[in-house]
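# An overview of the molecular structure
Okay, here's what each chain looks like letter by letter:
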Amino acid sequence: MLQNYTYKFRLYPTELDKELLSKHFGCCRFVYNYFLAENKIEYEATKQHNNYYKNSELLKELKKKENYIWLKEVNSQSLQIALKNLETSFQRFFKKTSGFPKFHKKSNAQSFSVTNQSFKIEGNRVILPKF
């Protein structure tokens, strides 16, 4: 039987790490909300939404634009996970197991995800990408 494990770590970040964490939180929230707004417009017009793969391509183009160059400062896999979370929200909505996806607020709990390939644990330190 295959088991999935989740680990939670208590972090004690330096001031520089706190700044990088807030960038990750903000960029992931921005990507989720940006594509939710785009999909909301699309859904109201056609009752369809862009899937994860289309949004992923649009994210690549968005990161190339002058106004959104700051999205390159954070781990790209974290941004892609935010898009996958949005896709999951839409799938639940279409299966009628939950309501229409809501925008993420800065005042709520802040989080971002990294894949198990992109972080390391060395002794008592957790090494995250782009940190």
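Each value, and the rule that gives it
- Here the residue numbering is sequential within each chain, running from 1 through the sequence in written order.
- Note on the predicted model: pLDDT of at least 70 is required for a residue's local features to be given, and 80 or more for side-chain atom pairs to be given and counted; whole-chain, interface and lining totals, by contrast, use all residues.
- Side-chain measures were taken over the full set of non-hydrogen atoms in the model, leaving aside hydrogen atoms and water.
- Using a grid of 1 Å spacing that covers the protein atoms alone, one calls a set of points a cavity when a 1.4 Å probe fits there but cannot get out, and a pocket when the set is open and has protein on both sides within 12 Å along at least five of seven lines; lining residues are those with an atom within 4 Å of a point.
- Grid points are joined across faces, edges and corners, and a volume is the space filled by probe spheres set on the points.
- Amino acids are sorted into nonpolar (Ala, Val, Leu, Ile, Met, Phe, Trp, Tyr, Cys and Pro), charged (Asp, Glu, Lys and Arg) and polar (every other residue, Gly among them).
- Under the DSSP-based scheme used, a helix requires at least four consecutive residues in state H or I and a strand at least two consecutive residues in state E, with every element numbered from the N terminus.
- The salt bridge definition used is simple: a Lys or Arg side-chain nitrogen within 4 Å of an Asp or Glu carboxyl oxygen.
- Note on exposure labels: buried denotes an accessible area under 20% of the residue type's maximum, exposed denotes more than 50%, and partly exposed covers the range between, all computed with a 1.4 Å probe on protein chains only.
- Within this analysis, patches are made of residues with over 30% relative accessible area and no salt bridge. Like charges are joined at 9 Å or less; nonpolar side chains (Val, Leu, Ile, Met, Phe, Trp, Tyr) at 5 Å or less.
- In this description, accessible areas are obtained by the Shrake-Rupley approach with a 1.4 Å probe, and a residue is regarded as covered only by the protein chains that are shown.
- Residue types Ala, Val, Leu, Ile, Met, Phe, Trp, Tyr and Cys, when buried and joined through side-chain atoms within 4.5 Å, form a set referred to as a nonpolar core.
- Whether two residues are in contact is decided by their heavy atoms, any of which lying within 4.5 Å being enough.

### Quick word on the layout of surface pockets
By volume, the largest pocket is sized at about 700 Å³. The wall of the largest pocket is formed by 18 residues, among which Tyr7, Phe9, Phe112, Ser113 and Val114 lie closest to the centre. Per-class residue counts for the lining of the largest pocket are 12 nonpolar, five polar and one charged. Of the pockets and cavities examined, the second largest pocket occupies roughly 400 Å³. Lining the second largest pocket are 13 residues, with Leu11, Tyr12, Pro13, Asp17 and Val126 sitting closest to its centre. Where the lining of the second largest pocket is concerned, the elements lending two or more residues are helix 1 (15–46) and strand 2 (125–127). With three residues, the single largest contributor to the lining of the second largest pocket is strand 2. Classifying every residue of the lining of the second largest pocket by side-chain character gives eight nonpolar, two polar and three charged.

### Some details on the pattern of salt bridges
Going through the model one piece at a time under the given rule, you end up with five salt bridges. With its nearest N and O atoms 3.5 Å apart, the salt bridge here joins Lys18 to Glu15. Placement of both Lys18 and Glu15 in helix 1 is noted, with a separation of three residues, approximately one turn of the helix. Under the relative-accessibility criterion, Glu15 is labelled exposed at 61%. For Glu19, the salt bridge goes to Lys23, with nearest N and O atoms at 3.9 Å. One end of the pair, Glu19, and the other, Lys23, are both in helix 1, four residues apart, so they sit about a helical turn from each other. Look at Lys23 and you get partly exposed, because its relative accessible area is 30%. Residues joined in a network through salt bridges with shared partners are Glu19, Lys23 and Glu73.

### What to know about a nonpolar patch on the surface
A contiguous nonpolar patch, built from Tyr5, Tyr7, Phe9, Leu11 and Ile121 and spanning about 590 Å² of accessible area, is present on the exposed surface. Of note, Ile121 is situated in strand 1 (residues 120–122).

### A look at the nonpolar core
The biggest cluster of nonpolar side chains holds 19 residues, and the ones touching the most others in it are Val31, Phe35, Leu59, Leu71, Leu79, Leu83 and Leu86. Within the residue set of this core, elements represented by two or more residues are helix 1, helix 2 (52–64) and helix 3 (76–94). Ranked by the residues each element gives to this core, the list is headed by helix 1, at seven residues. Those residues within four positions of Leu71 in sequence are excluded, and the remaining contacts are Cys27, Phe30, Val31, Leu59, Leu62, Lys63 and Leu79.

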